[in-house]
Structures are given as structure tokens and as C-alpha cells.
Amino acid sequence: MQAGLLGRKLAHSLSPIVHRLFGDYEYRLYEREPEEVESFLREGDYAFLNVTIPYKRKAAESCASLSPIAERLGNVNFVRRDERGELVGDNTDYFGFKTLLDSLGVSAKGKRVSIFGAGGAAMTAKAVLEDALAKEVRLIARGEDAPKDSELLVNATPVGMFPEGDAVRFNVADYPACEAVVDLVYNPSPTRLVREALACGKIAADGLVMLIAQAYRAFELASSSLIPHPSSLFLYGPPASGKSTLAKKIAAATGWRLVDLDAEIVKQAGRSIPEIFASEGEKEFRRIEKNCLKKVCSKRDDGDTAPQVVALGGGALLDPESRRLAEGTGRVIVLDCSLETLKSRLTGGDRPLSADVVRLEALVAARAAHYASFLRHVAF
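All residue numbers here refer to positions counted from 1 along the written sequence of the relevant chain. Note on the predicted model: pLDDT of at least 70 is required for a residue's local features to be given, and 80 or more for side-chain atom pairs to be given and counted; whole-chain, interface and lining totals, by contrast, use all residues. Excluded from the side-chain calculations are hydrogens and water; all other atoms, namely the structure's heavy atoms, are used.

Asker: Explain the side chain of Gln-2 to me, please; I cannot follow it from the model alone.
Answerer: The helix count covers DSSP runs of H or I at least four residues long, the strand count covers runs of E at least two residues long, and both are numbered beginning at the N terminus. Within the secondary structure, Gln-2 is located in strand β1 (residues 2–7). Identification of polar contacts relies on pairs of N or O atoms within 3.5 Å, with a donor-acceptor requirement for protein atoms, meaning one able to donate a hydrogen and the other able to accept it, and with residues adjacent in sequence counted only if both atoms are side-chain atoms. There is a polar contact of 3.0 Å between the side chain of Gln-2 and the side chain of Tyr-30. Only heavy atoms enter the contact rule, under which two residues are in contact if any of them lie within 4.5 Å. What Gln-2 contacts, discounting residues up to four positions off in sequence, is Glu-26, Arg-28, Tyr-30, Asp-45, Tyr-46, Ala-47 and Phe-48.

Here you go:
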């Protein structure tokens, strides 16, 4: 099955990477000029499309039918063909933005909200917030400032998007009543706006959970019986490659059960991982790790088929039996990450096999062929 993303400038997009998490279908980036959009939608070779800036409204106008939420919003970010070949439009951004708010634990009820932007993303966010009974939702146009009494601030503009990651649409410190900041930009992650909001003591998140959630919803709408639904997703790769962080975001975006194998090891052993290494060595740690992996995978055999995302330790699949177990249970995704990025994230303490840069370099070099031998890789 072939799918893709339609937009004007797509160098920033992580959509192909996100869709790689759920299925092995081909996912392309389709950059088109405005005059090309209608003919591409009508004649393009695709099973489904996601649509982004600036074509969400234009895509809605080209569809023969719209879902209720897409009709209400007047824009679509998901297009497929029905059995007659007619274009059907939907909006999975609504689901994505609502999921992002829910993952933050942010309630909009009774709040004064300001949304920077006036495009399709802003209108979708406005609809979600109004449905959540916000007291007031204001759209802030380019060049305008939000009222100082804003309690929730949303950036629904491309400001701060790669490659201009140092830009911000507003200064969080200027809004003393603000409790939370949501930035729909997801590349880079976290964005500068989110970092500044967190430094000011605000609840804050970028748009990566929303991106994953809307992509997963699109995958569900498009796949049906065409693509096997993964029951377990295993995230694997070197220490500090982001497995636990990404697993949390996937779980928040999809509602899947979250499993951190290191946490399961600590629970089973009754002591921390550094304590296991210090007192009993790596061999005993690997034995406990393998038993925990078997327990996680055995849920499939016990009839518990609830989807789960599992963050694995950096050496959890070195054992051939453990590897066969994981690959036979679900999808294994290796997170590719440069050595420089790994070094920048290295904190030591709870990473006994990579407690310093020299040992990390040696570990990555020793396992390079092992990681490369897996079929599926993504780079966040």
C-alpha cells in the first residue's frame, strides 16, 4: 500500500518516520504547488493521504464527502478513496490535539485560551477547546499579542519549526496568568517555546504526541484488513537513544499499554539496576532481563492481546532467544541516533554499561553490527 503527505514544503516532516512505527507500507512526501493540488488529489497514485500546510481547506473542497468533524471544521488532513473512487475527507488532527491535551492532564474547562494562528490547525484546536468548555477561545493573528489574562497558550503557527528552531511566536514570561503552553510544532522536539515554558514553571508540550496520535488514527482509518495491526511494538537501540521517552509518547498518543523493561527488572529484582550490576554482575542482570521479557511477551499467549509499546534496554536482544521472542511477538524498531547525540544525552547513574563517554563509544562500536541487523529503523 502506498500513502503519503501532501504539502508545499515538507523538509521538516517526521510523518514517514511515525508511520514506519505502525506498518511497512510506503509513505512518501508529496510537495506540490497550489495549482497542482486538485489534479494530484484526483489522479495521484495513493491509498490514502495526509494533508498539511497550506492545503487542508483546499483538500476539503476537492472531496466528494466529508466526515462530520471535517465538515464542521471545513478542513481535512486525511483523504482516501471510497469503493467508487470518490475522495473522502476526514480530520484526524481533532483526535490528535485532544489526545495531546489529555496526555498533559490539562483541562480547558472555564479557561481563557489564546491560539496563535488562523489556519486549519488553529481552527481544529479551537473546536477541541470549545468542546472542552473553555471559557473563551481567541485566535491571535500575525502581528497581534494575546491578552495578558490568557491561562492556556497554543502555538498553531509554523514559527519555531526546523530549520528555524530558535524562533518563538511569543514570550511566555509576558503572560503571568498562563498555566500551560502547547506548541503544535514537533520538529525539533522539544521546541524552544516548550523549553522556555518549562523554565518558567509552566506545564508544556510540543506537538509530537499530536503527530503520532493523528498518524495512528489515519493508520486505523486506512488499514482495516490491509495491514496487520501490531500487538506489540518494541523500541530498541543504544543507551540514551530515546526509547523510554518515545515509548511514553506513543502510549499517550495511542492508548496502548506502556512497558519499560528496565522498570520491570527493578520490580522483579527488588533493587536498582546499578545495584544488580554491582553485586551480581552483568550475567545475572541479563538472566533477570530475559525472564522479564518472557513475561511481557507471554501476555500474547495468555489471550491478553491489548496493544503494548515496550522500551527495551540497550542490550536486551543480544541473546538470540530473546530476539526471536520479541520478533515473533511484535514489531522491533531500532532507534538510530548519532554518537554525538548519545553523548549529549548521557547522564550516567542508571546506565551502568555507559557510565562515561569512552565506554559508551566502545559499546556502540561493539553493537553496531547487531543493531544494523534489524529490519526496521527510525531516526527521531
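Now that the structure has been shown, the text picks up again.
Asker: What is the right way to read the pairing of strand β3 (residues 48–51) from this model?
Answerer: Looking along a regular strand, one sees the side chains alternate between the two faces of the sheet. Exposed residues in this analysis have more than 50% of their type's maximum accessible area, buried residues have under 20%, and partly exposed residues fall in between, with area computed by a 1.4 Å probe over protein chains only. Taking every second residue as pointing to the same face, both faces of β3 are buried, with Phe-48 and Asn-50 on one and Leu-49 and Val-51 on the other. The criterion for strand pairing is that DSSP finds at least two bridges linking the strands in question. The pairing of β1 with β3 spans four bridges and is parallel. Looking at the pairing, Ala-3 lines up with Phe-48 of β3. Pairing of β3 with strand β5 (residues 78–81) involves three bridges; the strand directions are antiparallel. By the bridge assignment for β5, Leu-49 is matched with Val-79.

Asker: Help me out: how do you make sense of the packing of aromatic side chains in this one?
Answerer: The description of an aromatic ring pair uses the distance of the two centres, along with the angle that the planes make with each other. Each Phe, Tyr or Trp ring (for Trp, its six-membered ring) is paired with any other whose centre lies within 6.5 Å, and the angle between the two planes then decides the class: stacked below 30 degrees, edge-to-face above 60, tilted in between. Scanning the model with the defined rule gives 15 aromatic pairs in all. With a centroid separation of 5.9 Å and an interplanar angle of 65°, the aromatic rings of Tyr-25 and Phe-48 are classed as edge-to-face. Highlighted residues: Tyr-25 in the loop between α1 (15–22) and β2 (26–31) and Phe-48 in strand β3, separated in sequence by 23 residues. You can call Tyr-25 buried: its relative accessible area is 9%. Judged by relative accessible area, Phe-48 falls into the buried class, the value being 1%. Aromatic side chains Tyr-30 and Phe-40 sit 4.8 Å apart centroid to centroid with 45° between the ring planes, which places their arrangement in the tilted category. Pair noted here: Tyr-30 is in strand β2 and Phe-40 is in helix α2 (residues 34–43), with a separation of ten residues, a long-range link. An aromatic cluster is defined as three or more aromatic residues linked by ring pairs; in this entry it consists of Phe-22, Tyr-25, Phe-48, Phe-78, Tyr-216, Phe-219 and Trp-256. Lysine NZ or arginine CZ positioned within 6 Å of the ring centre and within 35 degrees of the ring normal marks a charge as sitting over the ring. In this structure, Lys-148 is placed above the aromatic ring of Tyr-175, and the distance from its NZ or CZ to the ring centre is 4.6 Å. Stacked on the ring of Phe-374, the Lys or Arg Arg-323 has its end atom at 3.7 Å from the ring centre.

Asker: Sorry, what's going on with the environment of Lys-202 here?
Answerer: Looking at the secondary structure, you find Lys-202 in the loop between α7 (192–199) and β11 (203–205). C-alpha separation for the pair Lys-202 and Met-1, spaced 201 residues apart in sequence, amounts to 42 Å. Contacts of Lys-202, omitting those with residues within four sequence positions, involve Val-172, Tyr-175, Pro-176, Cys-178, Glu-179 and Ala-197. Side-chain polar atoms of Lys-202 contact the backbone oxygen of Cys-178, separated by 2.9 Å.

Asker: How do you make sense of the packing of helix α5 (residues 93–104) against helix α8 (residues 208–223) when you look at a structure like this?
Answerer: The axes of two packed helices give the description: the angle between them and the distance between them. α8 packs onto α5 with a crossing angle of 135° between their chain directions and a minimal axis gap of 8 Å. When the axis of α5 is compared with that of α8, the two are oblique. Crossing hand, α5 versus α8: right-handed. Between α5 and α8, the residues in contact are Asp-93, Phe-95, Gly-96, Phe-97, Thr-99, Leu-100 and Ser-103 and Val-209, Met-210, Ala-213, Gln-214 and Arg-217, respectively. Residue polarity is assigned by list, with Asp, Glu, Lys and Arg as charged and Ala, Val, Leu, Ile, Met, Phe, Trp, Tyr, Cys and Pro as nonpolar; anything else, Gly included, falls into the polar class. The class makeup of the residues in the contact of α5 with α8 is six nonpolar, four polar and two charged. Every axis in this analysis is a line fitted to C-alpha atoms, fitted for helices over the stretch in contact. Angles between the N-to-C directions lie between 0 and 180 degrees. Every angle not falling under 35 degrees, over 145, or within 65 to 115 is termed oblique; those three ranges are roughly parallel, roughly antiparallel and roughly perpendicular. Left-handed describes a crossing whose near helix is turned anticlockwise from the far helix by less than a right angle; the clockwise case is right-handed.

Asker: What should I look at first to understand the sheet that holds strand β12 (residues 232–236) in this one?
Answerer: Two strands in a sheet stick together by hydrogen bonds in their backbones, pointing the same way (parallel) or opposite ways (antiparallel). Across the sheet, five strands lie side by side as β13-β14-β12-β15-β16; this open sheet has parallel pairing. Unpaired on one side and paired on the other, β13 (257–260) and β16 (376–378) mark the two borders of the sheet. Each adjacent strand pair in this sheet contributes to an overall mean axis angle of 25°, direction not counted. As paired strands, β12 and strand β15 (residues 331–335) are joined by four bridges and run parallel to one another. Looking at the pairing, Leu-235 lines up with Ile-333 of β15.

Asker: Is there a simple way to explain the sheet that holds strand β8 (residues 136–140) in this structure?
Answerer: Taken together, the five strands give an open sheet; going across it, the order is β8-β7-β9-β10-β11, and neighbouring strands pair in parallel fashion. Each of the sheet's edge strands pairs with one partner strand only, and the pair in question is β8 and β11. Ignoring which end each strand starts from, the neighbouring axes of this sheet average 15° apart. The sheet contact formed by strand β9 (residues 152–155) and strand β10 (residues 180–183) spans four bridges and is parallel. Within β10, the position partnered with Leu-152 by the bridge is Ala-180.

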